[in-house]
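Inside the fold
Here's the letter readout for the chains.
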Amino acid sequence: MSELRLFYHENGRLKMSKDIDTLKTIPLSNFIWIDLNDVAEEVEDQLEDFLKIYIQEEEEIEEIEISSRYIETADTIVANSKFLLDNYTQEAVSFILKNNILVSVRSANLKSFNETVKKLFANSKSYTNGYQVIAAILETRVEIDADMIEDTTQEITALSNTLKSDSDAEEDVLIAIKNLQEKTMSIREAIIDKQRVVSNMLKSNIFPADLKPKLTIIIKDINSLFEYTRFNFDRLDFLQDTFMGLVNTQQNQIIKIFTILTVIFMPPTLIASIYGMNFAHLPGSQMTYGFWGCIFLMVITVVVILFYFRWKKWL
């Protein structure tokens with residue numbers, strides 16, 4: 001759903017408008033954030049003319065090289081980043097900072113943006129320019145990434161408990177492990193992307209110095225998330241090894257059963273083969289109870305072998 005949101009201060013209060021004509025009635029210095037969510041090209045063209053900026057197309061944002069995702073000129077910062085959706089797919093977002101105004105360009109509804117809006121209206125006096133807004137967006141995004149890592153950790157724990165309690169290793173477990181690995185990898189990629197953006201802002205000559213301590217805290221939070229994702233990768237590797245061990249154990253049990261059955265029935269088979277030979281004279285073949293004696297002998301050999309296996313604790 002396309003949406004245009006313009007945030008500005010008027011009479012000491014923070015306000016929001018969805019009408020682009022608001023730019024013509026409110027002084028430009030009052031605006032702090034212009035959020036474009038899948039808006040029409042006509043709206044982007046008007047903003048480009050009004051703010052004297054260039055708004056990248058969605059295809060450009062997605063295809064831009066990693067080394068070019070952060071660009072800084074004498075008066076403008078352009079930062080492109082990847083934000084995770086609830087389904088762990090990545091959404092390309094572009095930020096443009098010029099004249100203390102933040103312009104954000106995206107094509108999907110993002111929780112971090114909605115949460116940032118709540119922060120702005122809850123404490124509007126703390127947000128007087130676009131630099132403070134982008135710092136709040138990045139901080140909120142890192143908090144959401146932390147929640148997603150925690151959710152993934154809980155899924156890993158649940159899967160681990162399943163392996164402990166279920167003696168039969170399900171084939172779906174391997175698929176579940178692969179999916180969790182992909183989720184963790186997506187989170188890690190998104191975190192690395194934001195670390196690059198924040199690191200460049202820390203080195204920026206344009207970004208306000210009073211906000212850099214906040215960026216430093218965000219970097220520290222990101223580093224702690226790295227450790228968390230590494231821990232989850234290690235757990236998933238352990239679960240995968242455990243799963244393969246369970247599969248091998250089951251296969252060994254099956255092989256063991258067939259091996260034991262083969263050994264148990266070898267003597268009876270041998271006896272039956274001998275007395276099935278087409279010879280005129282076989283010991284005991286002419287006895288009245290020769291047939292039952294042969295059956296008894298086969299049963300005795302099975303019992304003896306079973307007893308021996310029990311004694312050796314092979315069964």
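Residues numbered from 1 in each chain as written. Predicted model: local features only at pLDDT ≥ 70, side-chain atom pairs only at ≥ 80, totals over all residues. Heavy atoms only, no water.

Some words on the side chain of E44
So the rule is basically this: Numbering goes from the N terminus for both helices and strands, where a helix is a DSSP run of H or I of at least four residues and a strand is a run of E of at least two. Throughout this description, buried means an accessible area under 20% of the type-specific maximum (1.4 Å probe, protein chains only), exposed means over 50%, and partly exposed covers the range between. Residues counted as positive are Lys and Arg, residues counted as negative are Asp and Glu, and His and the chain ends are not counted. Salt bridge criterion: a side-chain nitrogen from Lys or Arg within 4 Å of a carboxyl oxygen from Asp or Glu. Contacts are residue-level and defined by heavy atoms, with any inter-residue pair within 4.5 Å sufficient.
Among the structural elements, E44 can be located in helix 2 (residues 41–51). Buried E44, no salt bridge; nearest opposite-charge side chain is R106, N-O distance 11 Å. Sequence-distant contacts of E44, that is, excluding residues within four places in its chain, are made with L36, V39, I55, E57 and V105.

Re the pattern of salt bridges
Within this structure, the stated rule accounts for 15 salt bridges. Close ionic contact of R5 with D35 constitutes a salt bridge, the shortest N to O distance being 3.0 Å. Remark: D35 occurs in strand 3 (residues 31–37) and R5 occurs in strand 1 (residues 3–10); sequence separation between them is 30 residues. D35 carries the same exposure label as R5, and that label is buried.

Section: a nonpolar patch on the surface
The cut-off we apply is this: Exposure above 30% relative accessible area and the absence of a salt bridge qualify a residue for a patch, where like charges join within 9 Å and nonpolar side chains (Val, Leu, Ile, Met, Phe, Trp, Tyr) within 5 Å. The accessible surface values rely on the Shrake-Rupley method and a 1.4 Å probe; as for residues, cover is taken only from the protein chains in view.
A cluster of nonpolar residues, I254, I257, F258, L261 and F265, forms a patch on the protein surface that exposes about 500 Å² of accessible area. In this fold, F265 is placed in helix 7 (residues 212–275). The partly exposed category is assigned to F265, whose relative accessible area is 45%.

Overview of the sheet that holds strand 1
Selection rule: A pair of strands is treated as paired once DSSP finds two or more bridges between them. Angular values range over 0 to 180 degrees, each being the angle between N-to-C directions of two axes fitted as lines to C-alpha atoms, with helices fitted over their stretch in contact.
The seven strands lie next to each other as 2-1-3-7-6-5-4, forming an open sheet whose pairing is mixed. Edge strands, defined here as strands with exactly one partner in the open sheet, are strand 2 (13–17) and strand 4 (70–72). Each neighbouring strand pair of the sheet contributes to a mean axis angle of 15°, computed without reference to strand direction. Both strand 1 and strand 2 contribute to a ladder of five bridges, which runs antiparallel. Across the sheet, L6 pairs through a bridge with S17, a residue of strand 2.

Thoughts on the nonpolar core
To keep things clear, this is the line we draw: What makes a nonpolar core is a set of buried Ala, Val, Leu, Ile, Met, Phe, Trp, Tyr and Cys residues whose side-chain atoms join them at distances within 4.5 Å.
Counting 44 residues, the largest nonpolar core has W33, F95, M201 and F207 as the members making the most contacts within it. Only strand 3, strand 5 (76–84), strand 6 (90–98), helix 4 (111–122), helix 5 (130–165), helix 6 (172–202) and helix 7 provide two or more residues apiece to this core. In terms of residue count, the dominant contributor to this core is helix 5 (eleven residues). When sequence neighbours within four positions are dropped, the list of residues in contact with M201 reads Y70, A79, I134, L138, F207, K212 and L215. Of all hydrophobic cores here, the second largest spans 20 residues; its members include L4, L6, I20 and L23.

Observations regarding unusual backbone geometry
For N11, which is not a glycine, the phi torsion comes out positive at approximately 55°. Take N11: it is sitting in the loop between strand 1 and strand 2. At K52, a residue that is not glycine, the phi angle is positive and equals roughly 60°. Mapped onto the elements, K52 comes out in the loop between helix 2 and helix 3 (58–63).

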